[in-house]
Amino acid sequence: MAKSLSAAGASVLVEGRRAEQGQQVANEIGATFHTVNVAEETFYKAFFEAAKKHFGPGQTVDYILLNAAVEESEDADVSRNFKIENYDYIYAVNVRGVLLGLSYGIKLLREHGTFLVTSSAGSIGAFGAAPVYFSSKLAVDSLVQSYAAQFVESKDKRIKLLSIVSINPTLYLTKMADCFVGGNMDIATAFAKINNPIGRPGKPEECAKVVTDFVCGKLPYQSGDVFVADGDTHFPIAEYTAQLQKAAL
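Since the structure is predicted, the reported quantities are computational estimates derived from the model, not experimental observations. Sequence positions are assigned chain by chain, starting from 1 and proceeding in written order. A pLDDT threshold of at least 70 governs which residues receive local features in this predicted model, and a stricter bar of 80 or more applies before side-chain atom pairs are shown or counted, although totals over entire chains, interfaces and linings include all residues. Hydrogen atoms and water are omitted, and side-chain values are computed over all heavy atoms in the structure.

A.B. asks: So what exactly am I meant to see when it comes to the overall build of the protein chain here?
C.D. replies: By the criteria applied, helices consist of DSSP H or I runs no shorter than four residues and strands consist of E runs no shorter than two, each listed in order from the N terminus. Check the secondary structure of the protein chain and you find 10 helices and seven strands. With the radius of gyration taken over C-alpha atoms, the globule rule is written as 2.2 Å times the number of residues to the power 0.38. Relative to the globule expectation of 18 Å for 249 residues, the C-alpha radius of gyration of the protein chain, 18 Å, shows essentially globular dimensions. By its C-alpha atoms, the protein chain is 50 × 40 × 40 Å across when sized along the principal axes. Any residue under 20% of the maximum accessible area for its type is buried, any over 50% is exposed, and the rest in between are partly exposed; the area is computed with a 1.4 Å probe on protein chains only. In the protein chain, buried positions account for 45% of the 249 residues. Whether two residues are in contact is decided by their heavy atoms: any pair within 4.5 Å suffices. Long-range pairs, those at least 24 residues apart, make up 66% of the contacts in the protein chain with a sequence separation of at least 6. What sets the accessible areas is the Shrake-Rupley method with a 1.4 Å probe; for residues, cover comes only from the shown protein chains. Summed over all atoms, the accessible surface of the protein chain reaches about 12,700 Å², with 53% contributed by carbon and sulfur. When charges are tallied, Lys and Arg are placed among the positive residues and Asp and Glu among the negative ones, while His and the ends of the chain are skipped. Charged side chains are reduced to one point each, which is NZ for Lys, CZ for Arg, CG for Asp and CD for Glu. Once the 23 positive and 27 negative side-chain charges of the protein chain are each reduced to a mean point, those two points are 6 Å apart.

Shown next, in the form of structure tokens:
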């Protein structure tokens, strides 16, 4: 995503927990990278302090993309090996991380600035393989809609004009997908045939293109909206089931 946004002309500051990969991406696009564990407030505080120095004092940032997430393939088999530590870890990254990003990021966004938060198309589905992960993404959807309402109700003019939108990808061929399907391409393909309206796993560059199109103002979504990215296509999450039914015909 950072590469796609940079290619479109954006000034990008990159953060993540995989230092080697993150630094490589930053080097390729001439950006700065910071190692961040989004579940830990000290990391977030340091990152946003660095962002202030990078982009200048005051509210100067147009978009903040909150993209971090984790999934544990054995997160919630309550009949065998359920560990509450897995729940704590997933919610710390996927939900607490979003809240920390909003809390610190809101101080940097300019008027009409936008949070784009990554959730999952699985937030409205029922997948027995990873119930804790998907429930965390439903929580993210709810946070996006609730904070959109809070922004509108704010008496602070700048905050009132902020927006927040959720992008909910279907299955893409990412490291997250490798965790979900155990690195088995056959399982990924079979899953996508059932759960991706396009009938195949998406490519990471396709999701990056959807994100870039949103940032460039080419998509119709407004604050509080939750939309699905499916390959190189997109649609409101309320249409997900209908899109699957149409694809099955």
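Moving on from the coordinates now.
A.B. asks: Looking at this structure, how should I read the environment of Val211?
C.D. replies: Mapped onto the secondary structure, Val211 falls in helix H9 (residues 204–215). Sequence spacing of Val211 and Thr189 is 22 residues, and the spatial spacing of their C-alpha atoms is 23 Å. Not counting the four nearest positions on each side in its chain, Val211 is found in contact with Met1, Leu65, Leu116 and Ile167.

A.B. asks: Looking at this structure, how should I read the pairing of strand E1 (residues 13–16)?
C.D. replies: Each regular strand shows side chains that alternate between the opposite faces of the sheet. Whether two strands pair depends on DSSP finding at least two bridges between them. Both E1 and strand E2 (residues 32–35) contribute to a ladder of four bridges, which runs parallel. Within the sheet, the bridge partner assigned to Gly16 lies in E2 and is Thr35.

A.B. asks: For this particular structure, what's the right way to read the packing of helix H4 (residues 84–105) against helix H5 (residues 131–153)?
C.D. replies: Under this scheme, a helix contributes an axis fitted over its contacting stretch, all axes are lines through C-alpha atoms, and angles between N-to-C directions fall in the 0 to 180 degree range. Interaxial distance between H4 and H5 falls to 9 Å at its minimum, and their mutual angle equals 15°. Relative to H5, the element H4 is oriented roughly parallel. The interaxial crossing formed by H4 with H5 has right-handed handedness. Residues Tyr87, Ile90, Tyr91, Asn94, Val95, Val98, Leu99 and Leu102 of H4 form the contact with H5, whose own contacting residues are Val132, Tyr133, Ser135, Ser136, Lys137, Ala139, Val140, Leu143 and Tyr147. For the contact of H4 with H5, the class distribution of residues is 13 nonpolar, three polar and one charged. In what follows, roughly perpendicular refers to angles from 65 to 115 degrees, roughly parallel to angles under 35, roughly antiparallel to angles over 145, and oblique to any angle outside these ranges. Left-handed describes a crossing in which the near helix is turned anticlockwise from the far one by less than a right angle; the clockwise case is right-handed. Nonpolar residues are Ala, Val, Leu, Ile, Met, Phe, Trp, Tyr, Cys and Pro. Charged residues are Asp, Glu, Lys and Arg, and all others, Gly as well, are polar.

Any link to function would need more than the numbers given here.
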